[in-house]
Amino acid sequence: MVDLGSLAFVVSALTLPGEMFCFFLVVSLTVNLEFGYAGVPNFGKVLFISLGAFVAGSFAYRLMVYLLNLKGDIFGLQNLFITEINNKLAANPYLAVELFLFMIVVAAAMGGFFGFLASYPAIRLREDYLGMLLLAAGEFFLIFSQAYLPFLGGAEGVNAPAPVFYIGTIVGQPDLVVLGVLAAAAILIYVYSERVGRSPLGRTLRALRDNDVASEAVGKDVVALRRNVLIVSSAIAGIAGVMWISFQPLMTPGTTPEATFNRLTDTFIPFVIVILGGAANNRGVLLGTFVYLLIYNAFSQGVTALGPSVQNALSLVGIDNLKLMLIGGLLIFILIRRPQGLIPEKPTLTMSRAKLKEVAESVIAKPQEKEQQQEKASS
Amino acid sequence: MLDPTISNAIVYGCLYAMMCVGLTLTYMTTKVPNFAHANFVVVAIFSGASAFIFGGFATPYLGLPVAALAGGASAVLLYLLVLRPLTRRGANLVVLMIATLAAGIVFDSFVAATFFSYLQSVNARFLADKGYYLYSLNQLPDFQVFGVKGILIIAPVALALMTVAITLLLRTRFGVAMRAAIENPNLARILGIDVERVYLVSWFIAGFLAGIGGGLYSIQSPSPPTTSSNIIVDIFSGVVLGGISSIYGGIIGGFIVGFSETFVIRQLTVFADNYWGFAAGSQVAAFQKGIPLAIMIITLLVIPKGLVSVNWRKLLRLG
């Protein structure tokens, strides 16, 4: 017999790490697609994640306010409004599902569209221009969404509706449903990245990464490939933003580490994960996400375990600051000592070995047959 | 008396010019797009401010040498500990970019941990008595010369001195060696130039200038540890506008970006306030960083090699 009480405890303890795992896995997979496979440095990942989350979240919130015919200041009365909205979602699961799908579509569209738009000026130039442009665009958007009050109500932020959570309340296990939906999304996107990686397209992207001049010479449209990779992975990054607000619905814009999305957690950490696990390698990303979250949580647990006196001493410098120094240093160390990551990239075997052998034999056999035929003809 | 908008715009123009020239210099010599340049500025801001507050200096301007040296030291550290080992391993451009990004985050969190958290919480009472903090030197009264704010004199003078110093430096033996190393590092090596040393010195100069820019920035504007997010847009924009291949281009690009950001947003704010009424201006001000971003986008679309690539003589004759 499984002890249901302890099972529930284990589930509740693993919910948040599980949700974080799904989010970081998806974001890192998109970084892997861009940087690992195609060599495109998207240093504006936070732009696409926050665009997806903020636009879909605030749009859904406004839409629900309109549908429920709520009157008043949408930011001043947001606590009242969001309770009203979430009650409605809990009572009407069809509406909740529709709202969730709507948010996903909006986020993917925003991500994809801005993936095209933000990279357009620099996509034909060298990678460093693209990196600078995307990084600058990301910082602009974060600063803008905090300063422009009609968007999210300023630094205080606004709650996004949480359709998945309130679908879960109908089942009675809201956290589990959220985790399940995020896990399903992560698995889907993993399978998609794996298929892209193994496909001819994946091999083209690697060729483009290793030598773009040569790939151009064999007729690959390098600019179009780079652009399409950016569009697709930015659309997925937008969806990742909706995944994040599904379990952390409060959206607080800004550039500080306390803000919902910032350059550290959403642009930098995915690069750490990809390089730690091994670039151009989806299994590596899976392992990298796991190891990163393990280090991250072990650090917090370790500090707690050292007792309150150490904790107080460390809080003078800020535990999060130490964590970031450690992670930044770790990335530099990996880049210098083990640039291939934990699981190095492997050449993809396109067909099974037996099939390859068969093809090879048929190719080798043919000239011999020809020779035999020629001998017959001459004799 | 100069209009405060224009004087602010001039100050910001000078500051960003100093920050941009360093980034251009390191890009030209080592060919590394340095994403940690804004973080040198942050290290410098807090080192200079700490020297001023805890060293008991009379004015924050005396913290400038400390800020400059801290900026230079952080640039040298980045080059020696991160970039040189990586380039020796033959790392590609994207990997170098990521490494500088990581180094920038280490610098930022180092500053947040030591200066911002530790020094300020240990000296909380001392700072509370003084009434200002490491990130709010801009609230101190600035000295005045004939009714002109000190920063409005110091910043252009510093920029002018810097331009002269760079011009002179490029004419010394070392400057020739530097130009040779930029043109063709392998050939320079054959001729007996210590290219590594040239690179190291150029990184130090870049950090040093970013440090002066940072020290002055903290006098002009509030500067929390997240300042790097704010200034990085302007720095990249200025560098791209100048065309990453010329030091003077970096100076001009940085100045134009800093000046137009401050000036244009002020004009737009006033316009919005007059046109749409109260509080419209503060909403328009949210687009402030959109101006450097727009300059960068237009530059990339129209003249991707920057201002220095434009044939002005031909352009003016046509017009």
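Quantities reported herein were computed from a predicted structural model and do not represent experimental measurements. (Residues numbered from 1 in each chain as written. Chains lettered and ligands numbered in written order. Predicted model: local features only at pLDDT ≥ 70, side-chain atom pairs only at ≥ 80, totals over all residues.)

Chemist: Got a minute to help me understand the interface of chain B and chain A in this structure?
Modeler: In many reports, interface size means the accessible area that the parts give up when they come together. Listed as interface residues are 46 residues of chain B and, on the opposing side, 44 residues of chain A. Those elements that provide at least two residues to the side of chain B that touches chain A are α3 (64-88), α4 (93-122), α10 (227-242) and α13 (290-302) of chain B. Classifying every residue of the side of chain B that touches chain A gives 34 nonpolar, 10 polar and 2 charged. (Contact = placed C-beta atoms within 7 Å. Helix = DSSP H or I, 4+ residues; strand = E, 2+ residues; numbered from the N terminus. Nonpolar A, V, L, I, M, F, W, Y, C, P; charged D, E, K, R; others polar.)

Chemist: Would you explain the environment of Val308(B) in this entry?
Modeler: Residues and elements named next belong to chain B. Structurally, the position occupied by Val308 is in the loop between α13 and α14 (312-318). Residue classification places Val308 among the partly exposed positions, given that 19 C-beta atoms sit within 10 Å. In the structure, Val308 is positioned 232 residues away from Val76 in sequence and 28 Å away in space, judged by C-alpha atoms. When near neighbours in sequence (up to four residues on either side) are disregarded, Val308 contacts Gly242, Gly243, Ser245, Ser246 and Gly249. (Buried ≥ 20, exposed ≤ 12 C-beta atoms within 10 Å, placed from the backbone.)

Chemist: Please explain the domain arrangement of chain A as it appears in this structure.
Modeler: As far as domains go, chain A holds domain 1 (10-337) and domain 2 (352-379). With centres defined by C-alpha atoms, the gap from domain 1 of chain A to domain 2 of chain A works out at 54 Å. (Domains from an automatic or database assignment.)

Chemist: What exactly am I supposed to notice about α4(B) here?
Modeler: Because the α-helix completes a turn every 3.6 residues, residues three or four places apart line up on one side. All names here are of chain B. With 30 residues, α4 should cover 44 Å at 1.5 Å per step; its first-to-last C-alpha distance of 42 Å lies within 8% of that length. Along α4, the helix axis deviates most sharply at Ala112, where the bend reaches about 30°. The buried fraction of α4 amounts to 24 of the 30 residues, a majority that puts the element mostly inside the structure. (Expected span 1.5 Å × (residues − 1). Bend = angle between axes of the 7 residues up to and from the residue.)

Chemist: Just to check I follow, could you spell out the packing of helix α5 (residues 127-147) of chain A against α4(B) for this structure?
Modeler: Axes are the key here: two packed helices are described by the angle between their axes and the distance separating the axes. Two numbers describe how α5(A) lies on α4(B): the axes approach to 10 Å, and their chain directions differ by 30°. For the pair α5(A) and α4(B), the crossing hand works out as right-handed. Facing Glu127(A), Asp128(A) and Gly131(A) of α5(A), the residues of α4(B) in contact are Leu93(B), Val94(B) and Met97(B). Of the residues in the contact of α5(A) with α4(B), the class split is 3 nonpolar, 1 polar and 2 charged. (Axes fitted to C-alpha atoms, helices over the stretch in contact; angles between N-to-C directions. Left-handed = near helix turned anticlockwise from the far one by under 90°.)

Chemist: Explain the nonpolar core here, please?
Modeler: Grouped burial of nonpolar side chains is what soluble globular proteins tend to show. Among the nonpolar cores identified, the biggest contains 218 residues, and Val26(A), Ala136(A), Met18(B) and Ala99(B) are the most heavily contacted of them. What Ala136(A) contacts, discounting residues up to four positions off in sequence, is Ile232(B), Val233(B), Phe236(B), Ser237(B), Leu293(B) and Met296(B). (Core = buried A, V, L, I, M, F, W, Y, C linked by C-beta atoms within 7 Å.)

Chemist: Looking at this structure, I do not really get the environment of Thr255(A). What am I missing?
Modeler: Along the polypeptide, Thr255(A) turns up in the loop between β2 (250-251) and α12 (263-277). Along the backbone, Thr255(A) and Gly138(A) are 117 residues apart, and their C-alpha atoms lie at a distance of 9.9 Å. Those residues in contact with Thr255(A) that lie beyond four places of it in its chain are Glu139(A), Leu142(A), Ile143(A), Asn262(A), Thr226(B) and Ser229(B).

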